[in-house]
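Summary of the model geometry
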Amino acid sequence: MNNQVRPYEPLTSQNAALVLVDHQVGLMSGVRDYSTGELKHNVVALAKAAKALNLPIVVTTTARDSMWGRPTFPELVEALPGMEIIDRSSVNAFDDARVARAIEATQRKKLIFAGISLEVCAAFPAITAVGKGLDAYVAVDASGTFSETKRQVGLLRMVQAGVIVSDYATLMVEILKDNARTEAGELYAAMDMGWAKLVGQIAQSYGK
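Right, let's walk through the structure included here. (Residues numbered from 1 in each chain as written. Predicted model: local features only at pLDDT ≥ 70, side-chain atom pairs only at ≥ 80, totals over all residues. Heavy atoms only, no water.)

1. Focus on the overall build of the protein chain
We apply this condition: By the criteria applied, helices consist of DSSP H or I runs no shorter than four residues and strands consist of E runs no shorter than two, each listed in order from the N terminus. The buried label applies to any residue whose accessible area, calculated with a 1.4 Å probe on protein chains only, is under 20% of its type's maximum; exposed applies above 50%, and partly exposed to all values in between. Pairs of residues are marked as contacts when any of their non-hydrogen atoms sit within 4.5 Å. Reported accessibility uses the Shrake-Rupley method at a 1.4 Å probe radius. Residues are deemed covered only where the shown protein chains occlude them.
In terms of regular secondary structure, the protein chain is built from 9 helices and 6 strands. The buried share of the protein chain, reckoned over its 208 residues, is 47%. Pairs at least 24 apart in sequence give 79% of the contacts found in the protein chain among residues at least 6 apart. Carbon and sulfur atoms form 55% of the exposed surface of the protein chain, whose accessible area is close to 10400 Å².

Here it is in structure tokens:
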């Protein structure tokens with residue numbers, strides 16, 4: 001396990017990019033660690049939040065016209081209008097030259113990954129990124145997998161390789177950094193967190 005302690009360098013709008021891997025209809029049907037509705041919500045919220053923070057976004061699918069059940073789910077496509085979705089055959093998204101070029105073109109050294117499945121589609125490119133000297137993060141709750149065993153061993157393998165695992169909202173508010181930023185309102189609206197809405201409603205009621 002990589003136990004080397006490195007100075008904390010936060011995610012920012014200038015150093016981070018988002019890579020979404022294989023959020024496809026067929027693969028989603030097999031996810032067992034999140035409900036389909038919750039997972040869709042989290043992925044769309046992550047994508048919209050990344051847009052609000054002006055992060056470069058790379059989206060890819062694998063074998064969308066054959067074994068893995070067709071295309072990216074419609075709600076995500078709608079959240080990213082006009083976005084090119086790179087279809088590939090490689091298991092590891094980073095092994096596809098077009099995906100690798102798209103990631104490299106962002107010129108960002110901190111990459112946030114999410115994918116289905118967690119232990120393959122998110123983990124493999126994240127581990128590859130670490131091997132290339134980049135910082136890799138995985139938004140676990142915007143990923144998903146097919147059994148508890150896969151979830152646990154996937155998380156363990158990523159941590160062993162030096163990938164930072166987190167939830168999507170924490171990664172996005174780390175980038176926001178300051179609630180006085182003009183993007184804050186759009187960001188929180190994009191993330192659509194029920195508890196945050198409730199806090200706002202309580203604050204509003206006391207302000208009357």
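Once the structure has been displayed, the description carries forward.
2. Considerations on helix α8 (residues 184-191)
Since the α-helix turns once every 3.6 residues, residues separated by three or four places project in the same direction. Cut-off, in case you're wondering: An arc is given here, and it is the one of the directions from the helix axis to the C-beta atoms.
Buried residues of α8: A184, L187, A190 and M191, and no others. With its buried residues spanning 130° around the axis, α8 presents them on a single face. Exposed side chains of α8 directed beyond 90 degrees from the buried face belong to G185, E186 and A189. Along its buried surface, α8 packs onto α2 (36-52) and α7 (168-176). One or two steps after α8, the chain reaches D192, where phi turns positive at roughly 50°.

3. Regarding the sheet that holds strand β6 (residues 164-166)
How we decide: Strands are treated as partners if at least two bridges between them are detected by DSSP. For every element, the axis is a line fit to its C-alpha atoms; helices are fit only across the contacting stretch, and the angle between N-to-C directions ranges from 0 to 180 degrees.
Here 6 strands make up an open sheet; going across it, the order is β3-β2-β1-β4-β5-β6 and the pairing parallel. Bordering the open sheet on either side are β3 (85-88) and β6, each of which pairs with just one other strand. Taken over all neighbouring pairs, the strand axes of this sheet differ in orientation by 25° on average, direction set aside. Pairing of strand β1 (residues 16-21) with strand β2 (residues 57-62) involves 4 bridges; the strand directions are parallel. Bridged to V21 within β2 is T60.

4. Focus on the packing of aromatic side chains
Stated precisely, the cut-off is as follows: Planes of paired rings set the category: under 30 degrees apart is stacked, over 60 is edge-to-face and the rest tilted, where pairs are Phe, Tyr or Trp rings (Trp by its six-membered ring) whose centres lie within 6.5 Å. Counting as a charge over the ring demands two things of the Lys NZ or Arg CZ atom: a distance within 6 Å of the ring centre and an angle within 35 degrees of the ring normal.
Going through the model one piece at a time under the given rule, you end up with 0 aromatic pairs. Positioned above the aromatic ring of F94, the side-chain terminus of K132 is 5.3 Å from the ring centre.

5. A short note on the pairing of β2
The buried fraction of β2 amounts to 6 of the 6 residues, a majority that puts the element mostly inside the structure. Burial along β2 is two-sided: the face carrying I57, V59 and T61 and the face carrying V58, T60 and T62 are both buried. In terms of strand pairing, β2 meets β3 through 4 bridges, oriented parallel. Counted as the bridge partner of V59 is I85 from β3.

6. A closer look at the pairing of strand β4 (residues 110-115)
Counting buried residues along β4, 6 of its 6 residues qualify, which places the element largely inside the surrounding structure. Residue alternation in β4 divides its side chains into two sets, K110, I112 and A114 and L111, F113 and G115, and both sets are buried. Pairing of β1 with β4, which is carried by 6 bridges, proceeds in the parallel orientation. The residue of β4 that forms the bridge with V21 is G115. Two elements, β4 and strand β5 (residues 135-139), share 4 bridges in a ladder whose sense is parallel.

7. Regarding the environment of V159
Tracing the backbone shows V159 in helix α6 (residues 148-161). Judged by relative accessible area, which is 36%, V159 ranks as partly exposed. Between the C-alpha atoms of V159 and I127, which are 32 residues apart in sequence, the distance is 9.3 Å.

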